[in-house]
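Each chain, written out:
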Amino acid sequence: MSRILITGMSAPQMSASANKRSLAFAGLLETALAEAGHQVNMLAPDITWTKENLDYYDAVLVGLSPLTSLSANYAYGALHIIHALKDSSKLHLFIDAPNPSQIKASLVAIHSWPQNLTKEFYRNRKGYRKAIEISSNLLAVVDLLLHKKWPTTLYPLLPWDKEHWIHNHLPSGAADSLVGVNLDSFVLRKNSAGATDRTARWVADSPDSPWTKKKLSTLNYPAMPMKWHKGWNDTQVEEQIAQSFGALITPHKDNTWWTYRYIQAMNTGTPVASSWRHTSHIGHSWGFLASAIEGMSPQERYDLSRTQTDAYLNHIPNKEEAIVNLQSAIGIREGVPHAV
């Protein structure tokens, strides 16, 4: 058993309670590692921690967000931890946002105008006053991430993804450190039940996106949002998906990005329409256009979802393989997922 710290710059990267409400990549990392028998702590990064405080852990995973993002409320603590462990093999990073190019853009912005890292606008961030005192250390991390080789950096890999695409959106020092992992076998149910009698509507993860609006212009039925508001949790989202006959999951620019909504759709027997040019790489069932799904009978749509689930499972590692891959990536002793 290893002791592992998961932390990061935003709440989804370091909060167990936030992940219980809405599962993010960090929560999936915690689920997999805990099920394999490791002691996993998800904690907010503390800018007062010393290297000695971090010596308790065998591996430290720090989530990166765009430094200029309003959601990066814990950026100072995360930068401090990276600085404290910059020469340690236990330090690993992870990326969970669908637009990794924004991380690079924010690093460039802060490198160009260093005073902006601790400008008054960010005074409500955790550790703001201490960050002013140790700003040279934090800026050294910005320089490291922009110009030097990164520690091993995890990101969620969809089964149809080409691993190299993310390299082009991050600083050059990240290229040889990126490791895509798929842990969906820990949350995807193979034989889940789903009703065939559903409301004649779509459900969309991003109903206001240009992609969704363009897609809906070719369809006969409307789309409801998967989340009515930010306060909705995953249980409420899953109920919303289960009541609809299909799920529209928005690609991000020219690529797709992992989201728990794929899993929730499959777990409820709801067929998915996304960027078929990408998703169809794992099988014909993932290549249907939304208009074709709309024209199916309820039973045909349910059968399509089951076929999509089978194809998805056939292209991702099982629990044992996934945890071996993850443990190898972050250099910890092997654990074994609990039998189910």
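Residues numbered from 1 in each chain as written. Predicted model: local features only at pLDDT ≥ 70, side-chain atom pairs only at ≥ 80, totals over all residues. Heavy atoms only, no water.

### Regarding helix H6 (residues 101–112)
Helical geometry: 3.6 residues make up each α-helical turn, so side chains three or four residues apart lie on a common side.
Part 1 of the reasoning: For H6, spanning twelve residues, the distance from its first C-alpha to its last is 17 Å, which sits close to the expected 16 Å at 1.5 Å a residue.
Part 2 of the reasoning: Where H6 is concerned, the buried positions are Ile103, Ser106, Leu107 and Ile110. The buried residues of H6 occupy an angular sector of 100° when the element is viewed end-on, so they sit on one face.
Part 3 of the reasoning: Buried residues along H6 sit in contact with strand E3 (59–64), strand E4 (91–95) and helix H8 (135–147). (Helix = DSSP H or I, 4+ residues; strand = E, 2+ residues; numbered from the N terminus. Expected span 1.5 Å × (residues − 1). Buried < 20%, exposed > 50% of the residue type's maximum accessible area, 1.4 Å probe, protein only. Arc of directions from axis to C-beta. Contact = heavy atoms within 4.5 Å.)

### Side note on the pattern of salt bridges
Part 1 of the reasoning: If you walk through the whole model with that rule in mind, you get seven salt bridges.
Part 2 of the reasoning: Between Glu35 and Lys319 there is a salt bridge whose closest N-O contact spans 2.5 Å. Of this pair, Glu35 sits in helix H3 (residues 25–35) while Lys319 is found in helix H15 (residues 319–330), placing the two residues 284 residues apart along the sequence.
Part 3 of the reasoning: The class for Glu35 is buried, based on a relative accessible area of 16%.
Part 4 of the reasoning: The exposure class of Lys319 is buried, given its relative accessible area of 13%.
Part 5 of the reasoning: Residue Arg123 is joined to Glu120 by a salt bridge in which the shortest nitrogen-to-oxygen separation is 3.7 Å. (Salt bridge = Lys/Arg side-chain N within 4 Å of Asp/Glu carboxyl O.)

### Regarding the packing of helix H5 (residues 75–84) against H8
Part 1 of the reasoning: Two numbers describe how H5 lies on H8: the axes approach to 9 Å, and their chain directions differ by 75°. Relative to H8, H5 is oriented roughly perpendicular. Only Asn137, Leu138, Ala140 and Val141 of H8 make contact with H5, whose side of the interface consists of Tyr76, Leu79, His80, Ile82 and His83.
Part 2 of the reasoning: For the contact of H5 with H8, the per-class residue count stands at six nonpolar, three polar and no charged. (Axes fitted to C-alpha atoms, helices over the stretch in contact; angles between N-to-C directions. Parallel < 35°, antiparallel > 145°, perpendicular 65-115°, else oblique. Nonpolar A, V, L, I, M, F, W, Y, C, P; charged D, E, K, R; others polar.)

### A word on the environment of Pro210
Part 1 of the reasoning: Along the chain, Pro210 turns up in helix H9 (residues 210–216).
Part 2 of the reasoning: Between the C-alpha atom of Pro210 and that of Trp113, which follows or precedes it by 97 residues, the distance is 33 Å.

### Comments concerning empty space enclosed by the protein
Part 1 of the reasoning: All told, the structure shown has two cavities of 30 Å³ or more when counted by the stated rule.
Part 2 of the reasoning: Volume-wise, the largest cavity comes out at about 60 Å³.
Part 3 of the reasoning: In terms of lining, the largest cavity is formed by Ala195, Thr196, Arg198, Ser244, Phe245, Gly269, Pro271, Pro298, Arg301 and Tyr302.
Part 4 of the reasoning: At the level of elements, strand E9 (244–248) and helix H14 (298–314) are the ones that each hand at least two residues to the lining of the largest cavity. (1 Å grid on protein atoms, 1.4 Å probe; cavity = no way out; pocket = protein on both sides within 12 Å on 5 of 7 lines; lining within 4 Å. Points joined across faces, edges and corners; volume = space filled by probe spheres on them.)

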